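Given next are the chains, with one letter for each unit.
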Amino acid sequence: MADKKTLAFEIGTEEIPAFDLKRATEQLAELMPAALDAVRIPHGDVAIYTTPRRLIAIVADVAASTEALEEVFRGPAAKIAFDADGNPTKAAIGFARGKGLEVDALERRDENGTEYVYAVRQVAARDVAELLPEVLRGVIDAISWPKSCRWGTTSEMFSRPVRWMVALLGDRVIPVEYAGLVAGNTTRGHRFLAPGPHAVPAADDLVSVVEGAYVVPTQEGREAVIREGVARIEAETGYTAELPPKTLTEVINLSEYPTPMMGAFDEEFLKVPEEIIVDAMLMHQRYFPLYDAQGKLTNKFIIVSNGDPAHEATIVDGNERVVAARLYDAKFFYDEDLKKPLVDFVDRLDEVVFQEALGTMRDKTARVVKLSARITVAAGIEQEAMRDIARAAYLAKADLVTSAVIEFTSVQGIMGSYYATAAGEPERVARAIAEHYMPRFSGDAIPTDIIGQVVALSDKLDTICGLFAVGQSPTGSSDPFALRRAALGVLAILEETGLPISLVETIDGALIIYREAGLEFDNAKVRQEIIDFFITREKVALRDAGVKADTIEAVLACGIEEPVVLARRARALEAARSENPQVFDDLATAFARANNLREIGLGTGYKKAELTEVELSLAEAVAAAETAVAEALADDRYADALVALAGLRAPVDEFFDTTMVMDEDPEVRANRLKLLNRFANTFAHVADFSQMAKK
Amino acid sequence: MAQVTAAGEASLPPTFQDVIMNLQRYWASVGCVVLQPYDNEVGAGTNAPATTLRSLGPDTWRTCYVQGCRRPTDGRYGENPNRGQFYYQFQVLIKPSPDNIQDLYLGSLEAIGIDVAAHDVRFVEDDWESPTLGAWGLGWEIWIDGMEVTQFTYFQQVGGFECNPVPVEIAYGLERLTMFVQGVDNMYDIVWARGDDGVVFTYGDVYLENERQYSAYNFEVADTEFLFQEFADREVECLRTLKAGLPLPAYDSVLKCCHAFNLLDARGVISATERMAYILRVRTLAKACCASYMKNVVGVDKDMTELDDLLAEVPDPREKAAEETAPNLVPRHPEPAAPCAGAAAAADHSERAFDFVTIAETTDEEA
């Protein structure tokens, strides 16, 4: 088919939200070729271009027609398809109908001596231009949006209203219909710089027409422009911009023609904590803050405008006034909050609901204070720190009712820390208030000090235990209280600090505190669910870190409930396995064999006098290993216990190679089984090696 | 487009009242009914019946109006240049939404003297949702050079009823917009009117004393017992009125309840648990008014079980016997099931300040 043309399709819309657009861009790259393939339209590469106001797919080398095709389907055997009189049965009729054929049109063909009916369909070549309206309409409908809306009197749903469409195969208009619109050959440009309409002579021209109308039509293109502008401003000022990925994505998809510009605010506002200023700029205004060489926030920031660069002065001036108003508010709130010591806000936490069934943040505070005390005692933390932990737990949430945090939510904790310092609280208490939310995300650091570590543990465990107690545990993809993240935070803190506390006991403590506060729930069930939840998180984390599933199961099979112990043992076992794969494979195989033969009832009291030489050497090795394993586990040297077990490999292999366990003589057999029982028992508190045996 | 220009020098920016008059003239030219402000306390232009109730049903509706909005907890005694307990919105509601509505909106900015091509005008995602009223829509906040001046929403559902056709709501913050146009940084410095003789009235001349007094009243003086009673009385009155099949006057009682609630909130006398219950009570009434409007005005009578159940034990005020034996009426409302997020926008607004706390702490997904 020599006659190949470019296909251009543009969906013109009102402004699509930034993150939805990003996802739609990815979808379109798959939907477009899939839609063409589904109706066998031969085509070349598909390129996707998107902006907040348009989704464009350009398909190279689209054939003018599909290829003719003979489709052959084998149906039922002839003896089923036709009765004794040669009349078609229901089976034949149904098969024919399913293929869109009359029953007379079915053919009979012999295949390896059996006769079957066949449906043979001639699919004619079709004009691609005629197929395309439906195909392209299907692409529009197939894009899935997190949220979509109707508009006007139409019933179609799209992210935001669709206002125009361009569909061209070469220079031929493909009249796609959607929501009362018909696709044509005119597009629109940048809303203000070159609104249009602009004629598009042919499919190959669409992107250049759009580019000529002040539209940078790809996310990558806009990102490059923004990064270039930022780099220019950095070079001019000697400052460094912060470009968080989330804000960057938003900014990229908030304009069709981005221009970075620099604004400034009154240095007076730099007296306000830096975090509020950054929150106001990043979260609310999508500006990028600029930092000096010492990493200190400056009073300069970067705006990414979608306006006419010729009006930079006006645009910058307007944005500066907005920032000034916001910072005025921030300073106002900050100054207001400072009029009272932080401790005075604690009682007002009863205005803030933590969770309906679990009371207010004031109630939570009381519980966190108690749980922190339990942890402090369990971990044997020194007196001085005890006071600070109690104080930090009491003050941790107080800033939630300060004006600054109500207005700038992302600075929770940080503001509390500033207010605590201003009120003369100890430095460690102030730091703990800021850090008790840590780790905030996977890979984030844990609190730097024991004070913050204990409060963070208590806060997270209180949340997890409470929500499990009221049946709000995460399900599948739904984790509205981010309990998985909280659990990972708890595990990270326990792991990295090595605090000598039991997670299970701390969970029990948290549940006791809830029961004392009058909450009713099935303690045994909730407790087990929470332990399982933590074990599952730890398993996922271990798997992500490359520990094999059978290693984890082998360790777990010994009844481990403490995730930290699980992690330590699984890693040690994984390391031992990868260092000496052959030893551990053989040992696992031997253990599995012994385990299968095991007759617990026989006990382990073999008669030494009746042992053969090989058996005796195994028996001696087992006895030595038992002592070594017990000592190692008592000293918490799990790796050494594994080394001790590894020493059993040679004698046990030798034993199985040379000894027929199931001897005809029942006495001999029993003695050997007792020896094997004792061998298997040696593993009992280390790992279930049968989990690692090749199956 | 005829434009009212400032008296005297043409170069002076439009006054506050010029902005209002130009917007009215502009939207009138598009075919809107220019309503006067609704004469009841509302927290937002959306809450006026010309928007909430008229969004429902199949009829074409086009209106614009100025609406004074009361948000008692936002009072700052006139000391904050950007925030007050009373402010003005300019509200536009057009059903069905016209195809060129964004251009019409941009035209309205031109009409008040903003050269949109010389600024950075953006449509930034901002969806509206009031789950407890069963209302939501998609749209944007509109920024001019980074300043949010308008909310723009395609309503999808109101009172649990699909909006069909779809209305578009445009709500301008008049003070913000005028501050932008006049280039002032304090709302009280807005020039409201300018006479031929050069005599100027500022927003502060008109409203600063108002703001001080109302802030004091809202936060310190309002009689809370009276307000609790008012809430209860209005709730009963709303149900009585609905029983009589009169959603429009019944809706007035909802607005009265909202305002009483907001004042009680500003007085700081509503505890967290009570607040849920109050919001739920307002929501029950607001949804019932929408249902009653669908039934009695639009003429749709299906899915009315909730309304029927609510009114089942309310005596019909038009039946004489009922009046004589006037029973002690206890309003029925469902038990709180889930945390609620505000009833009508007035309650909504003050609610947000609190429910963000749990959200900020809990909604971020794992990285």
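Residues numbered from 1 in each chain as written. Chains lettered and ligands numbered in written order. Predicted model: local features only at pLDDT ≥ 70, side-chain atom pairs only at ≥ 80, totals over all residues. Heavy atoms only, no water.

Caption draft 1: The overall build of chain A, seen in detail. What chain A contains, in helices and strands, is 25 helices and 18 strands. Taken along the three principal axes of its C-alpha coordinates, chain A extends 100 × 100 × 50 Å. Considering chain A as a whole, with its 695 residues, one finds that 52% of them fall into the buried category. In the structure as shown, chain A presents an accessible area of about 29,800 Å², 50% of it carried by carbon and sulfur atoms. The positive charge centre, built from 75 side chains, and the negative charge centre, built from 110, are 3 Å apart in chain A. (Helix = DSSP H or I, 4+ residues; strand = E, 2+ residues; numbered from the N terminus. Buried < 20%, exposed > 50% of the residue type's maximum accessible area, 1.4 Å probe, protein only. Areas by Shrake-Rupley, 256 points an atom, 1.4 Å probe, with all protein chains shown as cover. Lys, Arg positive; Asp, Glu negative; His and termini not counted. Charge placed at Lys NZ, Arg CZ, Asp CG, Glu CD.)

Caption draft 2: Layout of the interface of chain A and chain B. Contacts between the two partners involve 63 residues from chain A and, on the opposite side, 64 residues from chain B. Interface area for chain A against chain B, summed over the two sides, is near 5,400 Å², with a carbon-plus-sulfur share of 53%. Contact with chain B buries area across many residues of chain A, yet Arg150, Phe192 and Arg321 of chain A alone supply 14% of it, more than any other trio. Put simply, chain A and chain B have eight salt bridges between them. The residue Asp99 of chain B makes a salt bridge to Arg163 of chain A at a minimum N-O spacing of 3.4 Å. Between the two partners, chain A and chain B, sit 24 residue pairs in polar contact (both at pLDDT 80 or more). Going through the elements one at a time, β16 (297-305), α9 (312-337), β17 (353-355), α12 (403-407) and α16 (483-497) of chain A are the ones with two or more residues in the side of chain A that touches chain B. For the side of chain A that touches chain B, the element with the most residues is α9 of chain A, which contributes 11 residues. A class-by-class count of the residues in the side of chain A that touches chain B yields 27 nonpolar, 17 polar and 19 charged. (Contact = heavy atoms within 4.5 Å. Buried area = accessible area lost by both parts, 1.4 Å probe. Salt bridge = Lys/Arg side-chain N within 4 Å of Asp/Glu carboxyl O. Polar contact = N/O pair within 3.5 Å; in protein donor to acceptor, adjacent residues only side chain to side chain. Nonpolar A, V, L, I, M, F, W, Y, C, P; charged D, E, K, R; others polar.)

Caption draft 3: The arrangement of the packing of helix α10 (residues 361-378) of chain A against helix α15 (residues 450-469) of chain A in detail. Residue and element names in this part refer to chain A. Their axes nearest at 8 Å, the elements α10 and α15 cross at an angle of 125°. Judged on the interaxial angle alone, α15 and α10 are oblique. You can see that α10 and α15 cross each other, and the crossing is right-handed. Contacts between α10 and α15 involve Lys364, Arg367, Val368, Leu371, Ser372, Ile375 and Thr376 on the former and, on the latter, Val454, Val455, Leu457, Ser458, Asp459, Leu461, Asp462 and Thr463. Looking at the contact of α10 with α15, its residues break down into seven nonpolar, four polar and four charged. (Axes fitted to C-alpha atoms, helices over the stretch in contact; angles between N-to-C directions. Parallel < 35°, antiparallel > 145°, perpendicular 65-115°, else oblique. Left-handed = near helix turned anticlockwise from the far one by under 90°.)

Caption draft 4: Here's a closer look at the sheet that holds strand β14 (residues 259-264) of chain A. Residue and element names in this part refer to chain A. Pairing in this open sheet of four strands is antiparallel, and the strands run β13-β15-β16-β14 from one edge to the other. Unpaired on one side and paired on the other, β13 (240-241) and β14 mark the two borders of the sheet. As paired strands, β14 and β16 are joined by six bridges and run antiparallel to one another. The residue of β16 that forms the bridge with Thr259 is Ser305. Lying over the sheet, helix α8 (residues 274-284) contacts β15 (288-291) and β16, oriented at roughly 140° with respect to β15. (Pairing = 2+ DSSP bridges.)

Caption draft 5: Quick peek at the pattern of salt bridges. Residues and elements named next belong to chain A. Going through the model one piece at a time under the given rule, you end up with 57 salt bridges over all chains. Close ionic contact of Arg121 with Glu71 constitutes a salt bridge, the shortest N to O distance being 2.7 Å. Here Glu71 lies in strand β4 (residues 69-77) and Arg121 lies in strand β6 (residues 114-123), a separation of 50 residues in the sequence. Between Lys364 and Asp459 there is a salt bridge whose closest N-O contact spans 2.8 Å. With a gap of 95 residues between them, Lys364 in helix α10 and Asp459 in helix α15 connect regions that are remote in the sequence. For the pair Lys364 and Asp459, one class covers both residues: buried. Three or more residues joined by partner-sharing salt bridges are found here, namely Lys364, Arg367, Lys397, Asp459 and Asp462.

Functional significance is not addressed by these values, which are geometric in nature.
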